[in-house]
Amino acid sequence: MLAIDVKDLRKQFRVQKSREGLSGALKDLFKREYREVTAVKDITFQIPQGEICGYIGENGAGKSTTIKMLTGILVPTSGQLLVNGHVPYKEREKFVRQIGVVFGQRSQLWWDIGVIESFQLLRKVYRVPEAEYRKRLNELVERLQLGDLLNRPVRKLSLGQRMRCELVASLLHNPSILFLDEPTIGLDIVVKTEIREFLKQMNREHGTTILLTTHDLQDIEALCNRVIMLDDGRIIYDGGLEQLKARWSRGREIRFRFGGQAPLAELRLLTADLGVTWTAGNDMTAAMWVPMEVSVSDALARVVGACQDIRDIKIVETNTDDIVREIYRSGSASAGSRLEGAESGAAGADAASGEAAAAAAGDRADKEPVRHG
Ligand SMILES: Nc1ncnc2c1ncn2[C@@H]1O[C@H](COP(=O)(O)OP(=O)(O)OP(=O)(O)O)[C@@H](O)[C@H]1O
């Protein structure tokens, strides 16, 4: 069985238009006007059990909306959606016991009571048998070194401490799928690394499927073999991280350090026919940019063959941040990506059930109304 199976999934929101000025406000009172915002546009993807998949995109791309549909908080406008074989918004009670959710900016813990008391309440919510709960809690507390924190109220915890507690809370009932929305946001590098290691371990030992949205591409590098990239509600790339890098990388930089003054003019002359470019570093260093279509080993051989005084060579790959930024800018990851079909007219115009509307109302307060151009 697939962990997540999504077909032609769409979410539209109905947003009230507000007219300008006092007369506009008065008109709004009597006759409201609405417009549709399509946050997710007929996306299709499948995630097998045990995979860690990154779900990325710029602000407003539709990541959170997808996660909310996958976790049953929002009802899709159209399309099909199965998570662990369940339709999330239909079988809420049974379903939530199989998933864990961490929204980086929102807590599932009670603010004023001790962490351990929150855990106990969650045990009851998820109906975890006492013995199983104890065993699980001990394991998680040890892994994330929470011992000292358990009796403190959540409001007294630092962000990093709270995040570790949130992770425990989301895993107490041993869910087979974990949804993480910006799990490392605002954390220092030590805690980030700790959390990444912990997630890898959970995935390895318990086969937990993880879907992760993040703006921190180092989370993706550390955890995911696969990424799904979203732009303006559509999937623009679905595949391996390495393939993405290989396809999009426009070249590599090779840095040289010399025993004396870097012979820049000579180097330029030497490689003039290769299509590489040189930039000076400090006196003793220089960097050669080798575009993708030029062989690195040919370029290297040319330089090394002619200069005796090279002390150090370093090849620098284009980093994922640069690649992803470039893809966002162009709005397409082209070759080999699974481009979703064009938007096919409005389907099921009124998306908002009472539940969805409530989620929507509470939800935008903490966010900018963002869109990229
Ligand atoms: N409840 C809502 N009502 C109206 N519009 C919404 C609602 N939720 C999201 N949107 C709109 O849908 C689009 C997608 O938003 P979403 O929050 O899913 O993006 P995101 O990729 O998670 O962005 P971010 O990285 O900022 O969290 C945006 O244009 C947003 O303004």
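Residues numbered from 1 in each chain as written. Predicted model: local features only at pLDDT ≥ 70, side-chain atom pairs only at ≥ 80, totals over all residues.

- The protein chain appears in an unreviewed UniProt entry as ABC transporter ATP-binding protein from Paenibacillus cisolokensis.

A word on the sheet that holds strand β2 (residues 33-48)
Inference 1: Overall, antiparallel pairing links the three strands, which are arranged β2-β1-β4 in an open sheet. Because the sheet does not close on itself, it has two edges, and the strands there are β2 and β4 (78-83). Each adjacent strand pair in this sheet contributes to an overall mean axis angle of 25°, direction not counted.
Inference 2: Note: strand β1 (residues 2-17) against β4, five bridges, orientation antiparallel. Among the inter-strand pairings, Arg10 is bridged to a residue of β4, identified as Ser78.
Inference 3: In the packing of helix α2 (residues 63-70) onto the sheet, contacts are made with β1, β2 and β4, and the angle to β1 comes to roughly 120°. (Pairing = 2+ DSSP bridges. Helix = DSSP H or I, 4+ residues; strand = E, 2+ residues; numbered from the N terminus. Axes fitted to C-alpha atoms, helices over the stretch in contact; angles between N-to-C directions. Contact = placed C-beta atoms within 7 Å.)

Comments concerning the nonpolar core
Inference 1: Counting 70 residues, the largest nonpolar core has Val168, Phe179, Leu211, Leu212, Val227 and Met229 as its most contacted members.
Inference 2: When residues of this core are assigned to their parent elements, the largest contribution, six residues, is made by helix α6 (residues 159-171).
Inference 3: One finds Phe256, Leu267, Val276 and Val290 within the second-largest nonpolar core, a separate group that totals 10 residues. (Core = buried A, V, L, I, M, F, W, Y, C linked by C-beta atoms within 7 Å. Buried ≥ 20, exposed ≤ 12 C-beta atoms within 10 Å, placed from the backbone.)

Section: the environment of Lys90
Inference 1: Looking at where Lys90 falls in the secondary structure, it is placed in the loop between β4 and α3 (92-96).
Inference 2: Distance from Lys90 to Gly104, taken between C-alpha atoms, is 25 Å for residues 14 residues apart in sequence.

As for the sheet that holds strand β11 (residues 277-280)
Inference 1: Judged by pairing direction, the sheet is antiparallel, and its four strands sit side by side in the order β11-β12-β10-β13 without closing on themselves. Since the sheet does not close on itself, it has two edges, and those belong to β11 and β13 (310-317), each with one partner. Taken over all neighbouring pairs, the strand axes of this sheet differ in orientation by 20° on average, direction set aside.
Inference 2: Note: strand β10 (residues 251-258) against strand β12 (residues 285-291), seven bridges, orientation antiparallel. Residue pairing across strands places Ile254 opposite Met288, the latter belonging to β12.

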